[in-house]
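Observations on the model geometry
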Amino acid sequence: MPFLAIIADELQTSIPYYICTHVRPDGDAVGSQIAFTRYLNSLKIKAFYVLTHDIPRNLQILIKDTPCICLEDIEDNVGALIALDCADLTRLPASFKNLTYFLNIDHHPNNPNFAKHNYVQESFSSTCEILITLLKEIRWNFDPITAQALYAGLITDTGNFSHSNVSANTFVCAAHLLQCTHLQPYTIIQSLFEQKTLAQIRLLSLFLSKIQLCCNEQIACIELTQDDYIKTNTQHSDTEGFIAHALTMQNVKIAAFIEYNENFVKGSLRSKSPHLAVNQVALQFGGFGHICAAGFQCPSQAFNRDQLIQSLAKLIEQP
Ligand SMILES: [Mn+2]
């Protein structure tokens, strides 16, 4: 029996389902939230996309007429939660304490299966790829808004089909969306990636000027301070995708992007090869993630830049 058919049997028409994702949502998070909300609505189930304040501007336009609810407006004890693209409970907004998790669909390694029903598949590039595969299996009719959102998730988590997580199924899923709804990939690329402000480009310029190479030029490290954001009139979410630029250098195998906030440090780690598991290093600083793309956030006192670089260097030295 297809997984979504099992789930559909257990859905209740009398309660609302809140479709949520991790803090600082990316394209895969937003795309899967939109798709699952719309899928449940198509079954005449009350489902709402949970809106938070940290959705990047270029992703907000994907939501369109999808029913939404603000996180603050969710009533305690009424309804159930569905978490998408969420590695663990600490990555979810804290205010959900009184509702239970009915479903958890994700592709992060070490997801602790925190919901009643869990569908965690590490081999998929994105949660959107999982959803397309599951929806295809039940022959669901993709509408254009859902297809666009899912496509956006596919391309953000795969870096436009360029990362090591891309498989034949990833392309099958993309092709299926195109065949069903005549969506035009170039228009999605434009609306997602070609919407930068001049301030963001100035911040990118600053980011690039701060690239430091170490470990025989195999590690690129970039550090931005609060001051850098103030100087360029930008915010932290404006750096989305910047780290990929550091990985385009010929000898660089790992890139580390460190953002210094008032009380905490945020790190993003990327590697060019699945043999360099940067999520192991993220774990040392209380973070998590995929093999080639991971991150952490830790109190300023607990952070040591040299220790981070040393740990990354060790990955490269491993036989
Ligand atoms: Mn994802």
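Along each chain, residues carry numbers from 1 onward, in the same order as the chain's sequence is written. Residues qualify for local features only when their pLDDT is at least 70, as the model is predicted, and side-chain atom pairs are given and counted only at 80 or more; totals for whole chains, interfaces and linings, by contrast, use all residues. Only hydrogens and water are set aside; all other atoms, that is, all heavy atoms of the structure, feed into the side-chain values.

Points about the pattern of salt bridges
Convention followed: A pair is scored as a salt bridge if a Lys or Arg side-chain nitrogen falls within 4 Å of a carboxyl oxygen belonging to Asp or Glu. By the criteria applied, helices consist of DSSP H or I runs no shorter than four residues and strands consist of E runs no shorter than two, each listed in order from the N terminus. With a 1.4 Å probe rolled over the protein chains alone, any residue whose accessible area is under 20% of its type maximum counts as buried; one over 50% counts as exposed, and the rest are partly exposed.
Enumeration over the complete set of coordinates arrives at 8 salt bridges. Put simply, Asp-143 and Arg-38 hold a salt bridge, and the shortest N to O gap is 3.3 Å. Placement of Asp-143 in the loop between helix H4 (127–137) and helix H5 (144–158) and of Arg-38 in helix H2 (residues 27–42) is noted, with a sequence separation of 105 residues between them. Residue classification places Arg-38 among the buried positions, given a relative accessible area of 14%. Notably, a salt bridge pairs Asp-228 with Lys-210, separated by 2.7 Å at the nearest N-O pair. Of the two residues, Asp-228 sits in helix H9 (residues 226–232) while Lys-210 sits in the loop between helix H8 (198–209) and strand E7 (212–214), which places them 18 residues apart along the sequence.

Digging into the packing of aromatic side chains
Stated formally: When two rings of Phe, Tyr or Trp (its six-membered ring) have centres within 6.5 Å they constitute a pair, described as stacked for plane angles under 30 degrees, edge-to-face for angles over 60, and tilted for the intermediate range.
Counting across every chain of the model gives 15 aromatic pairs. Measuring from ring centre to ring centre gives 6.1 Å for Tyr-260 and Phe-303, while their planes differ by 75 degrees; the resulting arrangement is edge-to-face. With Tyr-260 in strand E9 (residues 254–260) and Phe-303 in the loop between strand E12 (293–299) and helix H12 (305–317), this pair connects stretches of sequence that are 43 residues apart. Judged by its relative accessible area of 23%, Tyr-260 falls in the partly exposed class. Under the relative-accessibility criterion, Phe-303 is labelled buried at 12%.

A word on the layout of surface pockets
Empty space among the atoms becomes apparent when a probe as large as a water molecule is rolled across them. Here is the rule we go by: Here a cavity is any set of points on a 1 Å grid over the protein atoms alone where a 1.4 Å probe fits but cannot get out, and a pocket is any open set with protein on both sides within 12 Å along at least 5 of 7 lines; a residue lines the site when it has an atom within 4 Å of a point. Grid points are joined across faces, edges and corners, and a volume is the space filled by probe spheres set on the points. In this classification, Asp, Glu, Lys and Arg are treated as charged, Ala, Val, Leu, Ile, Met, Phe, Trp, Tyr, Cys and Pro as nonpolar, and every other residue, Gly included, as polar. The split of the chain into domains comes from an automatic or database domain assignment.
Of the volumes computed, that of the second largest pocket is approximately 160 Å³. Taken together, Ala-87, Asp-88, Pro-109, Asn-110, Asn-111, Asn-279, Gln-280, Leu-283, Gly-287, Phe-288 and Gly-289 make up the full set of residues lining the second largest pocket. A per-element tally of the lining of the second largest pocket places helix H11 (residues 278–284) first, with 3 residues. In terms of residue class, the lining of the second largest pocket is made up of 4 nonpolar, 6 polar and 1 charged. In terms of domain composition, the lining of the second largest pocket takes at least three residues from each of domain 1 (3–193) and domain 2 (198–317).

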